[in-house]
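Architecture and fold: a report
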2 protein chains.
Amino acid sequence: MKILVPKIVVAQNEPKLNYNDHFVIYDKKLLEDKIFKNWVSRFRFKYAVEAGEKLKNLDLFSDHIHNILRIAEGGSRINSFVAVGGGSVGDFTGFIASVYKRGTGLIQLPTTWLSLVDSAHGGKTGLNCGAYKNQIGTFKFASAVYVVKRILQQAPEKLFYEGLAEVAKTALFDSSVFKILNSAKIITPNYILKNSDAIIRAKYKVVKRDPYESKNIRQILNLGHTVGHVLETQYKLSHGQAVTDGLFFTLNWSLRKGYISANQHRKIDDFLNEKLQLKRSEIKRPLSENNFLRVLKQDKKKITDKSLLFIFMTERQSVVVEKVTFKSVLIEAKKQGLVR
Amino acid sequence: MKILVPKIVVAQNEPKLNYNDHFVIYDKKLLEDKIFKNWVSRFRFKYAVEAGEKLKNLDLFSDHIHNILRIAEGGSRINSFVAVGGGSVGDFTGFIASVYKRGTGLIQLPTTWLSLVDSAHGGKTGLNCGAYKNQIGTFKFASAVYVVKRILQQAPEKLFYEGLAEVAKTALFDSSVFKILNSAKIITPNYILKNSDAIIRAKYKVVKRDPYESKNIRQILNLGHTVGHVLETQYKLSHGQAVTDGLFFTLNWSLRKGYISANQHRKIDDFLNEKLQLKRSEIKRPLSENNFLRVLKQDKKKITDKSLLFIFMTERQSVVVEKVTFKSVLIEAKKQGLVR
C-alpha cells in the first residue's frame, strides 16, 4: 500500500503527467516563468496559492477545501495531487492528498532549494494552529519526485544557502553524500542539482527504516536542529542559518563529549567552513537562561520533563542519538557563548 | 503498524483506561448518566461535544482543534483519542486521531445502536464540506472497541430499529450472523447486545480483506444502500428505514435477475418482515425519473458516467457485486413503484 521511496526524476523541464486527473497546487509566483505557465495551463484541475506559512494556517484550511472541491467539480475523481512549490506548498498539498476523499496519490515537484533537498521528502505534512507549527498533519509518501532544473536554476543564490545547510546535515550522517560534496572543488547550485538524486536518496535511507517516526531512527534527520531551532526562534534567523549554527554547536559538543577526535573535528569544520562556505552566526547578545530553556523544552524530541534526545556526530562520519538533560544542553550553550 | 481488527470488549460498564494520556471526546448528552459522568470526570483531557452532523462541519474544525490543543496543554503527549458517542462523534474523533500531531491511537466507545453495529467499525472517518458528506477524511482503525451495555440499554427503542437495519444487512452477507438472529425467538435489544461481538466481527471480516476500499470487496457493506440512499435523500427517511427499503428493493431485484430462487426470496422476506420486524415504507408519491437519477448518479459506487456497482443477494446467503447501468436501476425502481 505505502510507497516509501518515490520515483525520482531529474530533468531540465516539467514532466508529462496525466493532465485530466491530476490536481496541481502551485506557487503562483511560478507563473512568471513562461514554460511553467504553459505547462500548468494544460491541467484540468489547478489551484494557484501564495506560498508561505499563511498557507499552512489551519483556520484557512476549510476555505481552501471549498475552493478545491469547486475546482474538482464535486464528484470527479482525482488520481493524485501535485505539489509545485517550496516547503509550505508541499506540506499543505501533502496534507490535502492524505485527507481528500480519504486519500489520493501525491507527487512532489520542489521548486526551492530547501524543498529540493529536504522538505519535499519523507512524507511529513502539516498545518499550523496559531503559533504551534504542524499540529495537524499526516505521514503521506509521494509516489514520485520531479526535480525541474530550469526552475531551480532561477532561484536566488541566498536561498541556495538555505538548502545547503540541510545538504551539509545530510553529508554528516551519510558518508556517500559527504564524499560527493568533498570531491568537488567548489559547490555550485548546478553541482547540487546534478547530485540531487543521491542527496534525496540519503534521506530516504533513514526514512524507510522509521517511516512513522516511531523508533528514534528518524531523529537522525534532526542533527543540528535542536539548538538551531532555539536560535531560529529567538534571533529570527533563517532556517538555513539556524541549522548551520546548530551543526557547529553539535560539532563542538561532540568533541567535548569525546565522540569525535580533534582531527575529525577539524575535518568537519573545514568541510562546513571552507568547502560549503557555511558560516556560524556572530552572537553579540547571548540569550538568558530562561529564554533558552523555554524554547528548548518545546522540542519535539523531549522525552521527559528533564531530558530530550540529542544527535551527536561520531568519529566514523556517522551519528549517535543520546538522551541528555536540558541542563546539560544549557551548560554547553554557555560554554559556546549562546547563553549568558 | 495498522491494527485492522480491534480488541472488542462487551461489558456492563465503562472500561478502565489510562486517565492521564487518553483524550476523551464525548457526546455531552451522556452527562445525564451519573455513572458515565463520574467515569469521564477522571480523565485529565476531555472535550464535550454536541452530537450531530454539525459536529462534522469542516468549517468548524479549526475551532475544535484550537479547543483540543488548549485542553491538551500544547505540548503534552496524547496516547489515544477515545470517541464516546454515535456516528458523528466517532467520525469526528477518528479524523482527529488520524491528524493530531500526525496521528495518535483511537478507541471507539459507541453509544448508539447504529454506531454499535456499524459506524464505529471499519476505520472510516470524515468531515462534511457544505452539502457534500465525508469529503475530508481518512482510514483510521481503532485499537479497541468497548461496548458499554448499560448505556445502550438506555437508548430509545426507535433508535434500536435504526441499528437493526444494518444488522439485517450484515446477516444477509454473513451467514453466521444470520444464524444467530434466525435462531432467536424474538430479537430484543439485549439479544443484539449479547451478540454484538459477532456482529462487529462480521464487518471486520470484510474490512480486513479490503481496508482502504481499493478492491471492490468493501462494497459488500453497501448492500441495500444504493437505492436506500436515494430514498433517504428524497423522502428524508431515517437511515435505518432507508436501508430497510434498500434491502427489500435488492431482494426483489435479486429474484428478478435470477440470483435467488423464490424459496430464498421468501426466506429472506420472512427474516426481515417477521423476525426483525423491519417494514418497507409505503411510497405514496413515487419519484420523478430525474430526481431518482440525479441522486443515484452521486453514488460513490459510480464507475462510469452510465454505470455503478450494485450488490445483489445470492442463493447461498451471500452477495455478488455486479456492474449495472443507471438505466437498469431506474427500470427496476419503476417496477417496484419507487419511480413514476
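Residues numbered from 1 in each chain as written. Chains lettered and ligands numbered in written order. Predicted model: local features only at pLDDT ≥ 70, side-chain atom pairs only at ≥ 80, totals over all residues.

Scanning chain A from N- to C-terminus turns up 14 helices and 10 strands. Across the 340 residues that make up chain A, the buried fraction comes to 44%. (Helix = DSSP H or I, 4+ residues; strand = E, 2+ residues; numbered from the N terminus. Buried ≥ 20, exposed ≤ 12 C-beta atoms within 10 Å, placed from the backbone.)

Residue and element names in this part refer to chain A. Spatial ordering of the open sheet is given by β1-β8-β5-β4-β2-β3, a layout of six strands whose pairing is parallel. With partners counted over all chains shown, the strands left at the sheet margins are β1 (7–11) and β3 (45–49), one partner each. Each adjacent strand pair in this sheet contributes to an overall mean axis angle of 15°, direction not counted. Inspection of the sheet shows strand β2 (residues 22–27) paired to β3 by five bridges, in the parallel sense. Residue pairing across strands places Phe-23 opposite Phe-45, the latter belonging to β3. Across the face of the sheet, helix α3 (residues 87–99) comes into contact with β2, β3, β4 (80–85) and β5 (105–110) while running at roughly 175° to β4. (Pairing = 2+ DSSP bridges. Axes fitted to C-alpha atoms, helices over the stretch in contact; angles between N-to-C directions. Contact = placed C-beta atoms within 7 Å.)

A few words now on the interface of chain A and chain B. Each partner contributes to the interface: chain A provides 26 residues, whereas chain B provides 25 residues. The set of elements that each furnish at least two residues to the side of chain A that touches chain B consists of α2 (61–71), α3 and β7 (132–136) of chain A. Tallying contributions element by element places α2 of chain A first for the side of chain A that touches chain B, with five residues. Residue classes in the side of chain A that touches chain B are distributed as 12 nonpolar, 10 polar and four charged. (Nonpolar A, V, L, I, M, F, W, Y, C, P; charged D, E, K, R; others polar.)

The next subject is helix α6 (residues 157–173) of chain B. Between the first and last C-alpha of α6 of chain B there are 25 Å, a value that for 17 residues agrees with the 24 Å anticipated at 1.5 Å per step. Most of α6 of chain B sits out of view: 13 of its 17 residues are buried. (Expected span 1.5 Å × (residues − 1).)

Here the focus is the domain arrangement of chain A. What the domain assignment lists for chain A is domain 1 (7–155) and domain 2 (175–186 + 212–335). Relative placement of domain 1 of chain A and domain 2 of chain A: their C-alpha centres are 30 Å apart. (Domains from an automatic or database assignment.)

A few words on the confidence of the model for chain A. With 98% of its residues at a pLDDT of 70 or more, chain A shows a mean pLDDT of 94. As a predicted assembly, this complex carries a pTM of 0.94 together with an ipTM value of 0.92. (pLDDT = per-residue confidence, 0-100.)

Across a sheet, strands are paired by hydrogen bonds formed along the backbone, either parallel or antiparallel in direction. Residue and element names in this part refer to chain B. With respect to topology, six strands assemble into an open sheet ordered β1-β8-β5-β4-β2-β3, the strand pairing being parallel. The open sheet has two edge strands with one neighbour each: β1 (7–11) and β3 (45–49). Neighbouring strand axes in the sheet, compared pairwise and without regard to direction, differ in orientation by 15° on average. In the sheet, strand β5 (residues 105–110) pairs with strand β8 (residues 144–148) via two bridges, with the strands oriented parallel.

Most of β2 of chain A sits inside the fold, with five of its six residues counted as buried. Taken together, β2 of chain A, helix α1 (residues 34–41) of chain A and β3 of chain A form a β-α-β motif whose crossover is right-handed. (Right-handed = clockwise from strand over helix to strand, strands pointing away.)

Let's shift gears to the environment of Phe-45 of chain A. All names here are of chain A. Tracing the backbone through its elements, the reader meets Phe-45 in strand β3. The class for Phe-45 is partly exposed, based on 19 C-beta atoms found within 10 Å. Distance from Phe-45 to Ile-25, taken between C-alpha atoms, is 8.7 Å for residues 20 residues apart in sequence.

With that out of the way, let us pick up the packing of helix α7 (residues 175–182) of chain B against helix α9 (residues 196–207) of chain B. Residues and elements named next belong to chain B. At a minimum axis separation of 9 Å, α7 and α9 run at an interaxial angle of 155°. When the axes of α7 and α9 are compared, the pair comes out roughly antiparallel. By crossing handedness, the relation of α7 to α9 is classed as left-handed. Between α7 and α9, the residues in contact are Ser-176, Val-177 and Ile-180 and Ala-198, Ile-199 and Ala-202, respectively. Taken together, the residues of the contact of α7 with α9 sort by class into five nonpolar, one polar and no charged. (Parallel < 35°, antiparallel > 145°, perpendicular 65-115°, else oblique. Left-handed = near helix turned anticlockwise from the far one by under 90°.)

Looking now at the relation of the copies chain A and chain B. Screw-axis analysis of chain A against chain B gives a translation of 0.0 Å along the axis, an RMSD of 0.1 Å, and a rotation angle of 180°. One copy is carried onto the other by what is essentially a two-fold rotation axis. By C-alpha distance to the rotation axis, the residue of chain A lying nearest is Ser-62 of chain A, at 4.0 Å. (Least-squares fit on C-alpha atoms with pLDDT ≥ 70 in both.)

Here the focus is the packing of helix α6 (residues 157–173) of chain A against helix α11 (residues 239–256) of chain A. Residue and element names in this part refer to chain A. Two numbers describe how α6 lies on α11: the axes approach to 7 Å, and their chain directions differ by 30°. By the angle class used here, α6 and α11 are roughly parallel. Judged by the twist between their axes, the crossing of α6 over α11 is left-handed. Contacts from Tyr-161, Glu-162, Gly-163, Leu-164, Ala-165, Glu-166, Ala-168, Lys-169 and Leu-172 in α6 reach His-239, Gly-240, Val-243, Thr-244 and Leu-247 in α11. Within the contact of α6 with α11, the residues separate by chemical class into seven nonpolar, four polar and three charged.

On to unusual backbone geometry, then. Non-glycine residue Lys-101 of chain A carries a positive phi angle of around 50°. Assignment of secondary structure puts Lys-101 of chain A in the loop between α3 and β5. Positive phi outside glycine occurs at Asn-134 of chain B, with the angle close to 55°. As for its position among the elements, Asn-134 of chain B is in strand β7 (residues 132–136). Of the residues examined, Asn-134 of chain B has 17 C-beta atoms within 10 Å and is grouped as partly exposed.

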